[in-house]
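Each chain, written out:
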Amino acid sequence: MTNPPPNPSTLATSPLPEPPQTLVQLRELMLRISRGESDIALGPKARAALARILDLQGNPALLSITSLANTLGVNPSTLTRLARNLGYSGFGAFQEVLLNASMAPPGAFYSQQAEKALASGEGQTTEALMHLCRENQANIDRFLSMHDDAQFDSAVSLISSAPRVMIYGIRQFHAFATFLVYGLRLIRSDVHLLDSNALGLAEGIASLDKEDVLIVSSCAPYSRVVTEVAQAAATKPMNIVAITDRADSPLIEVSRAAILVPHETRFLSNSLTTFILAAECLINACAAARPAETKAALAERDRLITGLKIEL
């Protein structure tokens with residue numbers, strides 16, 4: 001005997017998850033999607049579009065679907081599908097979250113101050129200086145507005161509890177990695193640059209255990225080698241902390257924690273200004289997480305500096 005089909009009205013239905021209501025929640029969702037931790041699946045183009053949208057806080061392009069599509073170089077229908085895939089009823093509901101964040105561009109105060117200075121007859125050199133400085137000030141404002149407590153705290157916890165920390169970056173980010181090593185070594189000893197003595201990337205990764213941390217850093221255009229090192233390290237496995245620029249960065253996929261840092265300026269290469277600030281914040285937070293050990297390490301450092309007469 002065949003059972004009759006169930007009456008839909010008698011079935012218990014699970015409510016659909018609430019779509020993100022803030023930019024912070026949107027970034028958290030983007031990170032989960034990039035790591036494969038969400039039921040939502042986005043193609044590469046949709047992920048890239050969402051990552052760029054999250055960087056457009058205060059941009060007039062958000063005022064209409066047409067202007068946003070033109071800014072991103074996509075079809076308006078792509079934005080409608082993206083909004084619905086994220087759980088919104090349509091682009092309008094998605095747009096409301098984006099606009100509620102703030103319609104005032106980050107760094108507006110500094111822009112106004114710069115315009116006043118330029119209006120007073122400053123030369124081209126000063127104009128270029130003012131532009132670059134205020135772009136970096138705007139990036140710092142964006143860094144604060146997109147700060148994710150959970151991701152930052154996770155990074156601090158992983159680094160502070162790790163028996164050993166290695167840091168990897170190439171080209172400009174080699175300087176960033178060196179700065180981060182120096183800062184973390186002020187408060188603990190087992191912090192090293194990966195491949196600092198050219199002994200080999202594979203050998204360096206192989207020396208790390210599952211409780212150790214590898215910090216990797218790069219921004220668009222992403223260094224292929226850094227991405228491959230992060231992917232290789234993830235197979236060990238070990239804890240990976242990514243310091244990068246966007247939620248669709250290839251470093252996000254294998255990371256346990258990620259710190260996102262805006263960097264776009266008219267500097268002739270990638271700007272490290274806000275990355276260095278992020279490193280300072282991370283170093284201070286790791287120091288605060290282990291106050292007794294930090295105090296002892298700094299006291300020992302001061303003792304050695306005095307004994308060796310390093311400083312005048």
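1. Digging into the side chain of D212
Residue placement: D212 occurs in the loop between α10 (201-206) and β3 (213-217). Polar contacts involving the side chain of D212 include one to the main-chain amide nitrogen of D209, which spans 2.7 Å. Every residue in contact with D212, bar those within four places of it in the chain, is listed here: A162, P163, R164, S207, M238 and N239.

2. Digging into the nonpolar core
Residues L26, L86, F94, L214 and V216 are the most contacted members of the largest nonpolar core, which totals 47 residues. The leading source of residues in this core is helix α1 (residues 23-35), at 6 residues. Setting aside residues no more than four positions away along its own chain, L26 makes contact with P20, L54, L86, Y88, F94, V97 and L98. Judged by nonpolar contacts, the second largest core, of 34 residues, contains L158, V181, C219 and V261.

3. Looking at the pairing of strand β4 (residues 239-244)
When you tally the buried positions in β4, you get 6 out of 6 residues, the bulk of the element. Both faces of β4 are covered, namely the face carrying N239, V241 and I243 and the face carrying I240, A242 and T244. Note that β3 and β4 share 5 bridges and pair parallel. Bridge pairing links V216 to A242 in β4.

4. Focus: unusual backbone geometry
The residue after A220, namely P221, is reached through a cis peptide bond having omega -5°. Relative to the helices and strands, P221 is located in the loop between β3 and α11 (224-234). A positive phi angle, near 55°, is found at R171, a position not held by glycine. With respect to the helices, strands and loops of the structure, R171 is situated in the loop between β1 (165-168) and α9 (172-185). For R171, a relative accessible area of 63% translates into the label exposed.

5. Let's talk about a nonpolar patch on the surface
On the surface, L304, L308 and I310 cluster together to form a nonpolar patch covering roughly 310 Å² of accessible area. In this structure, L308 sits in helix α13 (residues 291-308). The class of L308 is exposed, set by a relative accessible area of 60%.

6. A few points about the sheet that holds β1
Within the open sheet, the 5 strands sit side by side as β2-β1-β3-β4-β5. Their pairing is parallel. Two strands lie at the open edges of the sheet, namely β2 (191-193) and β5 (257-260), each paired on one side alone. Put simply, the sheet's adjacent strands are angled 20° from each other on average, direction ignored. As defined by bridge partners, β4 adjoins β5 across 4 bridges and the pair is classed as parallel. What sits directly across from A242, in β5, is A258.

7. Side note on the pattern of salt bridges
Scanning all chains against the criterion turns up 5 salt bridges. In this structure, R224 and E228 form a salt bridge, with 3.0 Å as the shortest nitrogen-oxygen distance. Taken as a pair, R224 and E228 lie in helix α11 at a separation of 4 residues, close to a single helical turn.

8. Thoughts on the packing of α9 against helix α12 (residues 273-289)
Orientation of α9 relative to α12, taken along the N-to-C sense of each, is 20°, at an axis distance of 10 Å. The angle between α9 and α12 falls in the class roughly parallel. Handedness of the crossing formed by α9 with α12: right-handed. Contacts from F173, F176, F179, L180, G183 and L184 of α9 reach α12 at F275, I276, A279, E280, L282, I283 and C286. Tallied by class, the residues present in the contact of α9 with α12 amount to 11 nonpolar, 1 polar and 1 charged.

9. So, the confidence of the model for the chain
Of all residues in the chain, 86% have pLDDT values of 70 or greater, and the mean over the chain is 83. Mean pLDDT across the elements of the chain ranges from a minimum in helix α6 (residues 108-119), with 51, to a maximum in β3, with 96. Throughout residues 8-15 the model reports pLDDT below 50, and contacts reaching past four residues in sequence, or to other chains, amount to 1 contact. In the predicted structure, residues 103-107 sits below a pLDDT of 50 and forms 11 contacts with residues beyond four places in sequence or in another chain.

10. Let's talk about the packing of helix α3 (residues 65-72) against helix α4 (residues 76-85)
For any two helices packed against each other, one specifies the inter-axial angle together with the distance between the axes. Where α3 meets α4, the closest approach of the two axes is 8 Å, and the angle between their N-to-C directions is 105°. Relative to α4, the element α3 is oriented roughly perpendicular. Side by side, α3 and α4 meet where I65, L68, A69 and L72 of the first sit next to P76, L79 and T80 of the second. Class assignment of the residues belonging to the contact of α3 with α4 gives a composition of 6 nonpolar, 1 polar and no charged.

What counts, and where the lines are drawn
- Residues numbered from 1 in each chain as written.
- Predicted model: local features only at pLDDT ≥ 70, side-chain atom pairs only at ≥ 80, totals over all residues.
- Heavy atoms only, no water.
- Helix = DSSP H or I, 4+ residues; strand = E, 2+ residues; numbered from the N terminus.
- Polar contact = N/O pair within 3.5 Å; in protein donor to acceptor, adjacent residues only side chain to side chain.
- Contact = heavy atoms within 4.5 Å.
- Core = buried A, V, L, I, M, F, W, Y, C linked by side-chain atoms within 4.5 Å.
- Buried < 20%, exposed > 50% of the residue type's maximum accessible area, 1.4 Å probe, protein only.
- Pairing = 2+ DSSP bridges.
- Patch = residues over 30% accessible without salt bridge, like charges linked within 9 Å, V, L, I, M, F, W, Y side chains within 5 Å.
- Areas by Shrake-Rupley, 256 points an atom, 1.4 Å probe, with all protein chains shown as cover.
- Salt bridge = Lys/Arg side-chain N within 4 Å of Asp/Glu carboxyl O.
- Axes fitted to C-alpha atoms, helices over the stretch in contact; angles between N-to-C directions.
- Parallel < 35°, antiparallel > 145°, perpendicular 65-115°, else oblique.
- Left-handed = near helix turned anticlockwise from the far one by under 90°.
- Nonpolar A, V, L, I, M, F, W, Y, C, P; charged D, E, K, R; others polar.
- pLDDT = per-residue confidence, 0-100.

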